[in-house]
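Observations on the model geometry
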Amino acid sequence: MFGALLGLVVASAAVPGSAHAGHSHVRAAAAACPGTDSDFNGGGLSDLVVADPEASVDGVERAGLVRVVYGGGKGTVELSQALPGDNAVPERGDQFGFSWAVYDADGDACSDLVVGVPYEDVAVDGVNQLDAGAVFVYHGSPSGLGQGAPIDNWTQHALNRGALTEAHDLFGYSLAAGRTVSGQPWLAIGVPGEALTSGNALRPEAGAVEYVQGSTVCGFHQDSPNVPGVVEAHDRMGTSLAGTDRFLAVGSPGEAIGPEAFAGMVTVFGHTLQNGCPTPLAGLDQAGVGDGLPGVAEAGDQLGASVSMAPYRPADQNHTSDALLAIGAPGEAIGDVASAGLVHVLRVQPSGSVATVTTIDASLAGVEGQATTGDFFGQRVTIANTDTSVVTGTATVRLAVGIPGRDVAEAKDAGVVQVFRPLDASVGTSDKVLFRQPSGGLLPGVATARDYLGVSLRSDGTDLHVGVPYSKEPATAKGALYSVSWAAVDSGSGAATVYRPGAGGLPDAGVSFGVVG
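Residues numbered from 1 in each chain as written. Predicted model: local features only at pLDDT ≥ 70, side-chain atom pairs only at ≥ 80, totals over all residues. Heavy atoms only, no water.

The next point concerns the packing of aromatic side chains. A complete count under the given rule lists seven aromatic pairs for this structure. Seen from their ring centres, Phe136 and Tyr138 are 6.2 Å apart, and the 15 degrees between their planes marks the pair as stacked. Exposure class is identical for Phe136 and Tyr138. Each is buried. Following the ring pairs from residue to residue traces out a cluster consisting of Phe96, Phe136 and Tyr138. A cation over an aromatic ring shows up here: Arg458 above the ring of Trp100, its NZ or CZ 3.7 Å from the ring centre. (Phe/Tyr/Trp six-rings, centres within 6.5 Å; stacked < 30°, edge-to-face > 60°. Buried < 20%, exposed > 50% of the residue type's maximum accessible area, 1.4 Å probe, protein only. Lys NZ or Arg CZ within 6 Å of the ring centre and 35° of its normal.)

Given below as structure tokens:
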């Protein structure tokens, strides 16, 4: 149960879709770290974050925890609600670490870690609001995570006084964070279970997003000014989030397009604030080419179940003015093959103009594999620009697609990850399929039935991270994470670094180790 909240002051009330200032998320601070991305302890190296949201903590099942491996062999740290500074206690089913994001919240050049706990129960006026959700911010420092500034503990109402903390909101289900092109820290928090009133009727699971930029907080949804769409039951806006220094993408995989339930939609925003809220730029669905995406909106497509963004530098610019947006639609039928899945890749321009770069599924000529029922191609996507200092082209952009339902030999639903160069004229020319194999592959191990490899992916400009939190392989039965360089993926040689409980200084305990996104 959530205790008193720390580190937050709200000066004025807000209504949904409006903004207010005054929370203490941004603190004036001198630089204490070198400023390396994902460097929580000032070591000058990127640190690795791995969550285990179903881990037991102090004997409490599925309370969840997060482990951080400091770069340069400087040890590990474990975060959970059992820490004294959290002002909370682990509870059954909280799933601390279900989502996480990294950014410099307080301007001290040390990276800070945001952890989502969407199934946290919160007491409001003495009534327990089940699965209302919570978010924690652990501030980095030269002494390590959580050793400097107080830990920020937020419920939805504590962050935004115009919002209510209610049962089944799932505040913190998804997270995205970074810095805007002007240097302001920003954080987006998905609230896909949010029930909203529209048209004099309560719409359960309509969904919303809480957005923080600097000291401004804005809650928005599909009935907010200029936001595409209409609040409807089960839209689940905020299920997925991704962003760059210029743009934010929000997935609503439950969006109904006409009579087609759970067809899905993605909304793109710019970080430039209008009345304190991000600027809506485009609403994307498969209702027709005029909406930015080819294809047909069908029930169960779940477009927007996953999204990922990467910066894009056009040939006529000396900076990354644009972005590439990857959108997964894992429930998409390919022909008459149900839930085979597909992925769209789009280019977003500052004007809000959106153009399709490519649409990928397993039926395309040259693409390795074939569309199979229940593959769920696109359940997770991650797109990366490996060199933002040059004009973006096929040599610098990589897309990894999770296919957790793909069989590997006789191992049903073992799962694979397929890597593409999405700017290639033919995306099947150089695609590569990654799966666990005892020898000769990048991911050492044994593909085992119901591993669901591909449900957890994250990347940066250097590395691809593949989590297997549901591993059934005996050697990694508590979960595993594979980190492999894009260079190794391109060459097909070498092997990933494997992280698992009980090895490399990590405690030998866990249930679903390997959640990275």
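The next thing to look at is the sheet that holds strand β5 (residues 99-103). Here four strands make up an open sheet; going across it, the order is β5-β6-β9-β10 and the pairing antiparallel. Across the chains shown, the open sheet's two edge strands, defined by having one partner strand only, are β5 and β10 (152-154). On average, each strand axis in the sheet is tilted by 15 degrees relative to the strand beside it, whichever way the strands run. Pairing of strand β9 (residues 134-138) with β10, which is carried by three bridges, proceeds in the antiparallel orientation. Among the inter-strand pairings, Val137 is bridged to a residue of β10, identified as Asp152. (Pairing = 2+ DSSP bridges. Helix = DSSP H or I, 4+ residues; strand = E, 2+ residues; numbered from the N terminus. Axes fitted to C-alpha atoms, helices over the stretch in contact; angles between N-to-C directions.)

All right, on to the pattern of salt bridges then. Applying the stated criterion across every chain, the model contains 11 salt bridges. Of the charged contacts in the structure, one is a salt bridge between Asp104 and Arg179, with a shortest N-O distance of 3.8 Å. Of this pair, Asp104 sits in the loop between β5 and β6 (112-117) while Arg179 sits in strand β11 (residues 175-179), and the two are 75 residues apart along the sequence. Assessed through its relative accessible area of 14%, Asp104 is described here as buried. (Salt bridge = Lys/Arg side-chain N within 4 Å of Asp/Glu carboxyl O.)

According to the stated counting rule, one finds two disulfides in the structure shown. Shown here is the disulfide that connects Cys218 with Cys277, its sulfur atoms set 2.0 Å apart. Where Cys218 bonds to Cys277 through sulfur, the torsion about that S-S bond is close to 95 degrees, and the disulfide is right-handed. Separated by 59 residues along the polypeptide, Cys218 in strand β16 (residues 216-220) and Cys277 in strand β20 (residues 277-284) bring together distant segments of the chain. With a relative accessible area of 1%, Cys218 lands in the buried category. With cysteine numbering restricted to those in disulfides and following the sequence, the protein has the pairing 1-2, 3-4. (Disulfide = S-S within 2.5 Å.)

Moving on: unusual backbone geometry. Located in the positive-phi region is Glu205, a residue other than glycine, with phi close to 55 degrees. Relative to the assigned elements, Glu205 resides in the loop between β14 (201-203) and β15 (208-213). By relative accessible area, Glu205 is classed as partly exposed at 27%. You will see that Phe262, though not glycine, has its phi angle at about 55 degrees, which is positive. When you line up the elements, Phe262 lands in the loop between β18 (247-252) and β19 (265-274).

Let's shift gears to the nonpolar core. Ranked by size, the top nonpolar core spans 28 residues in total, and within it Val66, Val68 and Leu113 carry the most contacts. Those elements giving two or more residues to this core turn out to be β2 (48-52), β3 (65-69), β4 (76-79), β5, β6 and β9. Here this core takes four residues from β2, the largest share from any one element. Counting residues in each nonpolar core, the second largest holds 24 residues, with Phe247, Leu293, Val337 and Ala362 among its members. (Core = buried A, V, L, I, M, F, W, Y, C linked by side-chain atoms within 4.5 Å.)

Attention shifts here to the sheet that holds strand β17 (residues 240-243). Ordered in space as β17-β18-β19-β20, the four strands form an open sheet in which the pairing is antiparallel. Bordering the open sheet on either side are β17 and β20, each of which pairs with just one other strand. When the angles between neighbouring strand axes are averaged without regard to direction, this sheet yields 25 degrees. Both β17 and β18 contribute to a ladder of four bridges, which runs antiparallel. Within the sheet, the bridge partner assigned to Ser240 lies in β18 and is Gly251.

Right, let's get into the confidence of the model for the protein. The predicted coordinates of low-pLDDT regions are not to be read in fine detail. With 93% of its residues at a pLDDT of at least 70, the protein reaches an overall mean of 92. Segment residues 1-18 is flagged for pLDDT under 50; beyond a separation of four residues in sequence, or across chains, it makes 70 contacts in the model. (pLDDT = per-residue confidence, 0-100. Contact = heavy atoms within 4.5 Å.)

Our next topic: the side chain of Glu194. You can see Glu194 is positioned in the loop between β12 (185-191) and β13 (196-198). Of the side chains with opposite charge, Arg203 comes closest to the buried, unpaired Glu194, at an N-O distance of 13 Å. A polar contact is formed between the side chain of Glu194 and the side chain of Gln156, at a distance of 2.8 Å. When neighbours within four sequence positions are excluded, Glu194 is seen to be in contact with Gln156, Glu166, Asp169, Arg203, Pro204, Glu205, Ala206, Gly207 and Ala208. (Lys, Arg positive; Asp, Glu negative; His and termini not counted. Polar contact = N/O pair within 3.5 Å; in protein donor to acceptor, adjacent residues only side chain to side chain.)

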